[in-house]
Every structure is written in structure tokens, then in C-alpha cells.
Amino acid sequence: MAIDYQERIPNNVDLAENRVLQRALEHWQPRFLDWWRELGPTDFLGADVYLRTATSVDAKGWATYGTVKMPDYRWGIFLADAVPDRRIGFGDEFGKPVWQQVPGEHRSTLRRLIVTQGDTEPASVEQQRLLGHTCPSLYDLRNLFQVNVEEGRHLWAMVYLLHAYFGRDGREEAEELLARHSGDRDKPRILGTFNEPISDWLSFFMFTYFTDRDGKFQLKSLAESSFDPLSRSCNFMLTEEAHHMFVGESGIGRVVKRTLEVMKEIGSDDPAAIRAKGAIDLPTMQRYLNFWFTSSLDLFGAENSSNAASYFATGIKGRPDETSFEDHICKEGAMTIDVPDGKGGVRQEEVPLRNAMNEAVRRAYIRDCEIGVKRWNRLIAKAGVAFELSLPSERFRRAIGAWANQPVDPAGKPISAEEYAAKLPGWLPSESDRAFVKSLMQRVIAPGKMAAWIAPPDRGINNLPVDYEYVHLH
Ligand code: BYC
């Protein structure tokens, strides 16, 4: 179904047919806009931005490009087309018809998952709200705003589900999604990573590479859900998510490329000499990578999780690409996971498959993360530089699960608490790293010009040239 843009809230869910729901959402809409004005990208409300907007959910219409002021962006409710006669794809109810309504016994669990998912979306907008002031180019500024408006739309997707299927508690939860704030002492966002400040563009690129990729895996897991409206919402969100990860992967690649150019120019790999030329040395990038990768690993939950087992058994949340697995029941079998042995070593534990679902998804995520790292390392190798970026061990710097608060080095080796405390600052961005990176964050807004610490992209957006005026600042 095409999206009806005459509606106050663009949608392809027949909103006009359900007056009560429409009114509830029309009541929420001005609150959302107030939140956007207050906690969305600061000072850019009047800028004309070259953005894509979904006008239908098919291949032709989901990315319609045009110039829009962000507060006029048509946030709406779009579900992927229904799959006729869709059946439950895993767990104890395998093969039965999917649910078009929320089964009473799963109501609170589903609500909690939808709220957790929904909470991350506005959180990321809040985290990134000041970045526009220090954009390295108009191209990057536009990408930041594209990511931001789509995260806003993903919030709409979850708020629609809360309003349409969870009655009064759903409406209350929708209010709370605008009341919690990233980093707020009293009312923080639900998941750890979404309370971390993103105050420079290197962090933004790391976040869109590593944390948005958690989004991809979680959305794919929820797209398998037996609750069909959730599945269809997540399927459509995934089409938009790909660009966010592209921003991260290409952004980091461009920073690496620029650093390699500077290294060649000065004939040195000395971080101080590279920094003196206004580029970011590779060890500093590794420390930023360590920070955001490890923080994002926590977003998959504990390795051994009874919550995860019950989501799988009941059909609420599956594994990404569930059809690619042979066994959709997973009642038999176990996954071997490494856990601390309590004596400074490692021991192996057999975890029943259903309880190990978080770990299975985390492992798939790590494999996906490796792809970009390999690409960046190819650039480095091609430049003849003896340095490799690498993903630290999944045991390193964890706050959730078996390895939470365990002293482990980036290679995954348990070490003494004293050694850990002494070395940890060297494995993560230090105050002086952050101050240096921040010092590079000077706004560049001449069309086609780039800040000195980042190479230009290979191509522009939607076949436009790189020097197109992607954001018109008045
Ligand atoms: N921080 O049994 P466990 C995205 C809690 S990103 C704080 O392992 P479970 C996006 C957990 O809630 C994708 N707390 O948990 C990206 C539980 O609490 P209770 C977001 C955490 O339920 C970029 C306790 O620890 N989507 O879309 O199996 C930009 C026990 O843990 C954390 C989702 O997350 C943490 N990191 O798994 C914009 C999908 N991790 O019950 C957007 C929905 C765990 O003891 N959420 N805890 O109070 C879920 O599926 C699950 O809630 C989780 C946790 C995978 C997060």
C-alpha cells in the first residue's frame, strides 16, 4: 500500500480507519516535535537538508530524495508488506499461524522488548545532538541528519506498536520514551551504550559502525517475531539501517585513508608527528574502536540468559535469518562458552542452546564487525604500514554477562586486578586523546571541502557530486 501523505501522520496502516488510535498518536505527535526541537540536532531547525524520505515501502518509494527542513520531515508509520499465511518460524509454537494481536500471556514481555528497542532510537539522537556544530563537511552533516531523522522514525515505529496493541500502558510507555534522556542522572536511557556521550565525529563513526550494527542484529531477531506487526515494523526499519552502518564503515575508512596520506607525506608513524599534521594516529583509532566495540557487545545481554531462552521458546524473539538454521526448535544441544573459573583462569561451560541465544547472536555480530576491520586493514597494508586494527576479545571490558567486571586484557587473557587497573587507561581513549580529537573538530561547511583529518568520500549521495550543497545553512 502507498503511503498517504495527506494524512497528518503518514502511514500505510490504515490509520484513518481507527479514529481512537489516530487521535492517540496525534496527541503524541506534538510531544515528539517538542522533544525534537529541544533534544534533536541543535540550531539546525531552519536548515534545508537533502534527505531521503519513505513514500512507500517498496523498492521504488522507500528512498525518495528531496530538500526538507528537519522539523518538516514526514515521520510516519510504515510496515513492510504482510507475508501471506506467515507461520511461526521457531520455538515451541513452530508452524502455527503468527499473531496479529498480542497474546495475553506475552503482553508484558513483548512490551518490554518494544520499549527497550524504542528507547535506543531517541537516545542516539540525543547523543549526537551537538555534532552538527563540528561537521567535517556538508556531506557528513547531511548523513548525520539522515541518520537522526530515521532514528526518529524508528521511534515512531515502536510508539505505533505501543499505542495500537498495548492500550493504556502502551501510551504511558510512549510518554516515557520521551521522558528518559541519554546520560540523565535521574532518568537515563535503558541500555548502557546509549548513555555514553558522542562528542566527536570519530565516536560518531564508531557508534554507527558498531552500535548501529547491534541494531541490525536486534532488529533482525525481532523481525523473526511471531508478533507479526513487530516483525513487519522491524523489516522496514532494516532497509534504512543499512545506510547508518555505511556511514560508520566509510567514515572510519576515510579517517584511516587520511592518516595514511599524512604518514606518507611526513614519512613517519610517530603519533605525535601525525597529530602535529592534524590527522588521527592509528593507535588512537584503535582505542576508540576498543571503547565502542566492547560497549556494543554488552547490548546482546548475558551469554547464559533465561530471558533469551524464554523469548525463543515462546516465539517472541528469534535469531537473525532464522530460516538459515536447520534446527528451529533448539531443545537439544548446547553451546560451549568460556567463563571465568574464579581463580584467574578460564573454564568452559555447556549452555543449553536456547539459553545461549544471546551469545549465538553476539558471535554472528562479531563476524559481521570483522568485515569492516579487514577492509580498513587492507588500506593500511596497501600503504605499506605495519599496523593492524583489531577487535578486542569479547571478554575484555564487559559490564554484562559472565565476564562483567573481570580483569582481562584485550587479547582475552585474565590478568590481575592491579595490572588491569594500571593498563586499562592505555587501552581506551585517554583524556588527552579525547582532547586532541576534539581539537580537530572544527566545522567545515564550504561545499566539497573536507576537514584535514578525513579524506573525501568516493562518491556523493544519490549520484550527486561530493561538492553538492547537501545542507543549505541560512
Ligand atoms: N545495558 O538476561 P539478559 C539499536 C539487562 S540497538 C543495561 O542477558 P536479555 C540502535 C537486561 O535488560 C538495538 N542493561 O537480558 C542502535 C536484563 O535486565 P533485567 C536495541 C542490560 O533480556 C544505534 C539483565 O540485564 N534493541 O536499535 O536476554 C542507534 C539480564 O540480562 C544490558 C534491543 O536491545 C545493557 N547493555 O537481553 C539507534 C532489542 N544488557 O531483566 C538504535 C530489545 C542486558 O534483569 N532488547 N541488560 O531487569 C532485548 O532483546 C534484550 O532486552 C537485550 C538484553 C538483548 C538488550
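> Looking at this structure, I do not really get the overall build of the protein. What am I missing?
A tally of regular secondary structure across the protein gives twelve helices and five strands. Taking all contacts inside the protein whose residues are at least 6 apart in sequence as the whole, residues at least 24 apart take part in 71%. For the protein, the exposed surface amounts to about 19800 Å²; the carbon and sulfur share of it is 50%. The distance from the centre of the 58 positive side-chain charges to the centre of the 67 negative ones in the protein is 1 Å.

> What is the right way to read the site of the ligand from this model?
In the vicinity of the ligand there are 30 residues, among which Q117, A302, S305, Y311 and K317 approach most closely. In this structure, an oxygen atom belonging to the ligand sits 3.1 Å away from a side-chain N or O atom of N307. N358 has a polar side-chain atom sitting 3.0 Å from an oxygen atom of the ligand. In the complex, the protein chains occlude 81% of the 1000 Å² of accessible area that the ligand would expose alone. Within the residue set of the shell around the ligand, elements represented by two or more residues are α2 (107–127), α5 (201–223) and α9 (306–314). Looking at which element gives the most residues to the shell around the ligand, the answer is α2, with seven residues. Residue composition of the shell around the ligand, grouped by class: eleven nonpolar, twelve polar and seven charged.

> Is there a simple way to think about the side chain of Q146 in this case?
Along the polypeptide, Q146 turns up in helix α3 (residues 138–165). We classify Q146 as buried; its relative accessible area is 0%. Only 2.8 Å separates the side chain of Q146 from the backbone nitrogen of R52, close enough to count as a polar contact.

> How should I be thinking about the nonpolar core in this particular structure?
In summary, soluble globular proteins display a tendency toward joint burial of nonpolar side chains. Counting 120 residues, the largest nonpolar core has F210 and W453 as its most contacted members. The element that contributes the greatest number of residues to this core is α3, accounting for 16 residues. Not counting residues up to four positions away in its chain, the partners in contact with W453 are P136, W201, F205, V255, R258, G278, A279, I280, L440 and M441.

> Please explain unusual backbone geometry as it appears in this structure.
It is generally the case that most residues other than glycine have a negative phi and that most peptide bonds are trans. Its identity is not glycine, yet D43 carries a phi of approximately 70°, on the positive side. Tracing the backbone shows D43 in the loop between α1 (19–39) and β1 (48–53). The backbone of D85 sits at a positive phi, close to 50°, despite the residue not being glycine. Among the structural elements, D85 can be located in the loop between β2 (64–69) and α2. Note on D85: relative accessible area 58%, which makes it exposed.

> Which parts of the structure should I look at to understand the packing of α2 against α5?
Angle between the axes and distance between the axes: these two values describe a pair of packed helices. In the contact formed by α2 and α5, the axes pass within 12 Å of each other and the chain directions differ by 160°. When the axes of α2 and α5 are compared, the pair comes out roughly antiparallel. As α2 packs across α5, the resulting crossing turns out to be left-handed. For the pair formed by α2 and α5, the contact residues are L113, Q117, S124 and Q127 on the first element and F207, Q218, L219 and L222 on the second. Class assignment of the residues belonging to the contact of α2 with α5 gives a composition of four nonpolar, four polar and no charged.

Rules used throughout
- Residues numbered from 1 in each chain as written.
- Predicted model: local features only at pLDDT ≥ 70, side-chain atom pairs only at ≥ 80, totals over all residues.
- Heavy atoms only, no water.
- Helix = DSSP H or I, 4+ residues; strand = E, 2+ residues; numbered from the N terminus.
- Contact = heavy atoms within 4.5 Å.
- Areas by Shrake-Rupley, 256 points an atom, 1.4 Å probe, with all protein chains shown as cover.
- Lys, Arg positive; Asp, Glu negative; His and termini not counted.
- Charge placed at Lys NZ, Arg CZ, Asp CG, Glu CD.
- Near = heavy atom within 4 Å.
- Polar contact = N/O pair within 3.5 Å; in protein donor to acceptor, adjacent residues only side chain to side chain.
- Nonpolar A, V, L, I, M, F, W, Y, C, P; charged D, E, K, R; others polar.
- Buried < 20%, exposed > 50% of the residue type's maximum accessible area, 1.4 Å probe, protein only.
- Core = buried A, V, L, I, M, F, W, Y, C linked by side-chain atoms within 4.5 Å.
- Axes fitted to C-alpha atoms, helices over the stretch in contact; angles between N-to-C directions.
- Parallel < 35°, antiparallel > 145°, perpendicular 65-115°, else oblique.
- Left-handed = near helix turned anticlockwise from the far one by under 90°.

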